[in-house]
Amino acid sequence: MKVRIFDTATALDQAAAQEMVDLLKEKPNAVICMASGNSPKGACEQFARIAKEQDVDASAFFFIGLDEWVGVPAGLRGSCHYDFQERIFGPLGLDASRYHLFDAMAADLQQECQRMDALIAAKGGIDLMIVGIGMNGHIGFNEPGSAFDLKAHVRELDEITASVGQKYFDQPMALKYGITLGFGHLLQAGKVLLLANGPAKAEVVQLAVEGRVGPAFPASVMQLHVQGMVMVDAAAGALLKS
Ligand code: F6R
């Protein structure tokens, strides 16, 4: 795992977007999996801009959504679906055949997980994963205690996740479960970028990078990935020793 600290969040966003662009230049049919939320927002915007400016062929890559709030409809502002529609699918004009996200309204969520695992296997795995880090150290909805070998699964959300998650919605939401890829996917991905910005993330970033590796602090999984890169702005990286 490497760590890159950027002077500003904008510089961080640009570098993450450039990673996506570079991958598509090298492998136009790459599989990219992304978290929604605030951390990758700027990177998505920069990606759409740089891809157009550099005339990148974005017609063949496949996009996978990392997770979704169970019971939240795709069209509701605040859902991961909604985020990606606004930031990626719309701006890049992606056809629905070019992406797959969990259907968190499905009657059979186990089947949704199996569908996701089978799809990723059929695509030959994930080339690039871009994730954020929650205030309890989660990645996706891999909450503290989640085993490192899980594939897609449904997870009961802890109190921090359910309360912090309210920030995405226009009205109070009952957030009880999440459906998510697991660290089995993350550890097998070609490359993983963990993005974090702002002072509120400094402590969790420090634990992820310098803390003990294990399910008690999920983002510590990054330390196990040879092609893992923690990309932070100066504020989020403020507590790192080196
Ligand atoms: C969202 C997701 C979450 C977030 C994390 C950080 O799809 O996977 O794990 O990445 O909660 O959220 P932000 O970036 O909004 O601080």
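Structure's up top.
All of these numbers come straight from a predicted model, not from anything done at the bench. Throughout this document, residue positions are counted from 1 along each chain, in the order its sequence is written. Thresholds applied to this predicted model are a pLDDT of at least 70 for local features of residues and 80 or more for the giving and counting of side-chain atom pairs; totals over whole chains, interfaces and linings are not thresholded and use all residues. The basis for every side-chain value is the complete set of heavy atoms in the structure, and neither hydrogens nor water enter the calculation.

## A few points about the sheet that holds strand 7 (residues 153-156)
Reading across from one edge, 4-8-7 is the order of the three strands in this open sheet, with antiparallel pairing throughout. Whereas interior strands pair on both sides, the edge strands pair on one side only; in this sheet they are strand 4 (67-69) and strand 7. If you compare each strand with its neighbour and ignore which way they point, the axes differ by 25° on average. Strand pairing is defined by DSSP finding a minimum of two bridges between the two strands. For the purposes of this entry, the term helix denotes a DSSP run of H or I that reaches at least four residues, the term strand denotes a run of E that reaches at least two, and both are numbered from the N terminus. Looking at chain direction, strand 7 and strand 8 (residues 177-180) are connected through four bridges and run antiparallel. Note that in strand 8 the partner of R155 across the bridge is G178. Helix 4 (residues 109-122) rests against strand 7 and strand 8 of the sheet, and its axis sits at about 130° to strand 7. Axes here mean lines fitted to C-alpha atoms, for a helix over just the part in contact, with angles spanning 0 to 180 degrees between N-to-C directions. The contact criterion used throughout is that any non-hydrogen atoms of two residues lie within 4.5 Å.

## Some remarks on the packing of helix 1 (residues 9-26) against helix 2 (residues 41-53)
It is the contact of helix 1 with helix 2, at a shortest axis distance of 8 Å, that shows an interaxial angle of 50°. Judged by the angle between their axes, helix 1 and helix 2 are oblique. In this structure, helix 1 crosses over helix 2, and the sense of that crossing is right-handed. For the pair formed by helix 1 and helix 2, the contact residues are T10, D13, Q14, A16, A17, Q18, M20, V21 and L24 on the first element and G42, A43, Q46, F47, R49, I50 and A51 on the second. When an angle is under 35 degrees it counts as roughly parallel; over 145 it counts as roughly antiparallel; between 65 and 115 it counts as roughly perpendicular; any other value is oblique. By definition, turning the near helix anticlockwise from the far helix through less than a right angle yields a left-handed crossing, and turning it clockwise yields a right-handed one.

## With respect to the site of the ligand
If a single non-hydrogen atom of a residue is within 4 Å of a molecule or strand, that residue counts as near it. Surveying the vicinity of the ligand reveals 17 residues, the closest of which are S39, D67, H138, Y168 and K201. Identification of polar contacts relies on pairs of N or O atoms within 3.5 Å, with a donor-acceptor requirement for protein atoms, meaning one able to donate a hydrogen and the other able to accept it, and with residues adjacent in sequence counted only if both atoms are side-chain atoms. In the model, an oxygen atom of the ligand is placed 2.7 Å from a nitrogen or oxygen of the H138 side chain. Y168 is positioned such that a nitrogen or oxygen atom in its side chain is 2.5 Å from an oxygen atom of the ligand. Throughout, the ten residues Ala, Val, Leu, Ile, Met, Phe, Trp, Tyr, Cys and Pro are labelled nonpolar, Asp, Glu, Lys and Arg are labelled charged, and all others, Gly among them, are labelled polar. Here the residues of the shell around the ligand sort into six nonpolar, eight polar and three charged.

## So, the packing of aromatic side chains
Pairs of aromatic rings are described using the distance from one ring centre to the other and the angle between the two planes. Whether two aromatic rings pair depends on their centres lying within 6.5 Å, for rings of Phe, Tyr and Trp, where Trp uses its six-membered ring; planes under 30 degrees apart make the pair stacked, over 60 edge-to-face, and the rest tilted. Considering all chains together, one arrives at nine aromatic pairs under this definition. Ring centres of F148 and F183 lie 5.6 Å apart, and the angle between their planes is 70°; this geometry places the pair in the edge-to-face category. Taken as a pair, F148 in the loop between strand 6 (128-131) and strand 7 and F183 in helix 6 (residues 183-188) lie far apart in primary sequence, 35 residues in all. Here the two residues F148 and F183 agree in accessibility, since each one is buried. Buried, partly exposed and exposed residues are distinguished by accessible area as a fraction of the type maximum, computed with a 1.4 Å probe on protein chains only: under 20%, between the cut-offs, and over 50%, respectively.

## Remarks on the pairing of strand 2 (residues 31-34)
The side-chain alternation of strand 2 yields two buried faces, one formed by V31 and C33 and the other by I32 and M34. In terms of strand pairing, strand 2 meets strand 3 (residues 62-65) through four bridges, oriented parallel. For M34, the partnering residue across the bridge sits in strand 3 and is G65. Seen with its strands pointing away from the viewer, a crossover is right-handed when the path leading from the first strand over the helix to the second is clockwise. Viewed along the sheet, the connection from strand 2 through helix 2 into strand 3 turns out right-handed.

## Looking at the sheet that holds strand 10 (residues 228-233)
Taken together, the seven strands give an open sheet; going across it, the order is 1-10-9-6-2-3-5, and neighbouring strands pair in parallel fashion. Of all strands in the sheet, those with a lone pairing partner are strand 1 (2-6) and strand 5 (99-100), marking the two edges. The strands touched by helix 4 within the sheet are strand 3 and strand 5, with strand 3 carrying the most contacts at an inclination of about 150°.

## Re the side chain of T180
Relative to the elements of secondary structure, T180 occurs in strand 8. Here F141 takes part through its backbone nitrogen, which lies 3.1 Å from a polar atom of the side chain of T180. The contacts of T180, once residues within four sequence positions are left out, are L66, D67, F102, G140, F141, N142, K151, A152 and H153.

## With respect to the pattern of salt bridges
Put simply, a salt bridge is a Lys or Arg side-chain nitrogen that is within 4 Å of an Asp or Glu carboxyl oxygen. Applying the stated criterion to the full structure yields eight salt bridges. In this structure, the salt-bridge partner of K27 is D127, at a minimum N-O distance of 2.8 Å. Taken together, the residues K27 in the loop between helix 1 and strand 2 and D127 in the loop between helix 4 and strand 6 connect sequence positions 100 residues apart.

## Comments concerning the nonpolar core
By convention a nonpolar core is built from buried Ala, Val, Leu, Ile, Met, Phe, Trp, Tyr and Cys residues, the set being connected through side-chain atoms within 4.5 Å. Of all hydrophobic cores here, the largest spans 44 residues; its most connected members are F47, F61, I88 and M231. Elements represented by at least two residues in this core include exactly helix 1, strand 2, helix 2, helix 3 (80-92), strand 6, strand 9 (191-196) and strand 10. Among the elements that line this core, the one with the most residues is helix 1, at eight residues. If sequence neighbours within four positions are ignored, F61 has contacts with L24, P28, N29, A30, I32, F47, L92, L94 and R98.

## Thoughts on unusual backbone geometry
Here the phi dihedral of D55 falls at roughly 50°; this positive angle occurs in a residue that is not glycine. Of note, D55 is situated in the loop between helix 2 and strand 3.

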